[in-house]
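Tertiary structure, described
Spelled out, the chains give:
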Amino acid sequence: MAKKTVASIQKGEGRTYSKIIKMERSPKTGAYVFKEEMVPNDAVKDALK
């Protein structure tokens, strides 16, 4: 599956997006949870705030 995802991101408009992985605390358990998002390159700094 990873090869298919990487190949589709590298073609055409896929280069204008970045994958962001944020680490957050779960409100229920207090454990860390990883959230993944695909955002446009222009909005990366705003998404990380």
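Preceding block: the structure.
Worth saying up front: this structure is predicted, and the values here are computed from it rather than measured.

What follows concerns the overall build of the chain. For the chain, the count of helices and strands is two helices and two strands. Reading the secondary structure of the chain in the N-to-C direction produces α-β-β-α. When the 49 residues of the chain are sorted by exposure, 10% land in the buried category. By element, 57% of the accessible surface of the chain is carried by carbon and sulfur atoms, the whole surface being about 4,600 Å².

A few words on the environment of T29. With respect to the secondary-structure elements, T29 resides in the loop between β1 (17-25) and β2 (32-40). A distance of 3.2 Å separates a polar atom in the side chain of T29 from the backbone nitrogen of A31.

Taken as a whole, this structure holds two salt bridges when the rule is applied. Residues K19 and E36 are paired through a salt bridge, measuring 3.2 Å at the closest nitrogen-oxygen approach. Taken together, the residues K19 in strand β1 and E36 in strand β2 connect sequence positions 17 residues apart. Take K19 and E36: they sit in the same class, and that class is exposed. Of the charged contacts in the structure, one is a salt bridge between E37 and K22, with a shortest N-O distance of 3.3 Å.

Within a regular strand, side chains alternate between the sheet's two faces. In this sheet, β2 lies alongside β1 in antiparallel orientation, the contact comprising nine bridges. Residue Y17 lies in a different strand from β2, and its bridge partner there is P40. Adjacent in sequence and paired antiparallel, β1 and β2 are bridged by six residues, among which G30 carries a positive phi angle near 85°.

Cut-offs and rules
Residues numbered from 1 in each chain as written. Predicted model: local features only at pLDDT ≥ 70, side-chain atom pairs only at ≥ 80, totals over all residues. Heavy atoms only, no water. Helix = DSSP H or I, 4+ residues; strand = E, 2+ residues; numbered from the N terminus. Buried < 20%, exposed > 50% of the residue type's maximum accessible area, 1.4 Å probe, protein only. Areas by Shrake-Rupley, 256 points an atom, 1.4 Å probe, with all protein chains shown as cover. Polar contact = N/O pair within 3.5 Å; in protein donor to acceptor, adjacent residues only side chain to side chain. Salt bridge = Lys/Arg side-chain N within 4 Å of Asp/Glu carboxyl O. Pairing = 2+ DSSP bridges.

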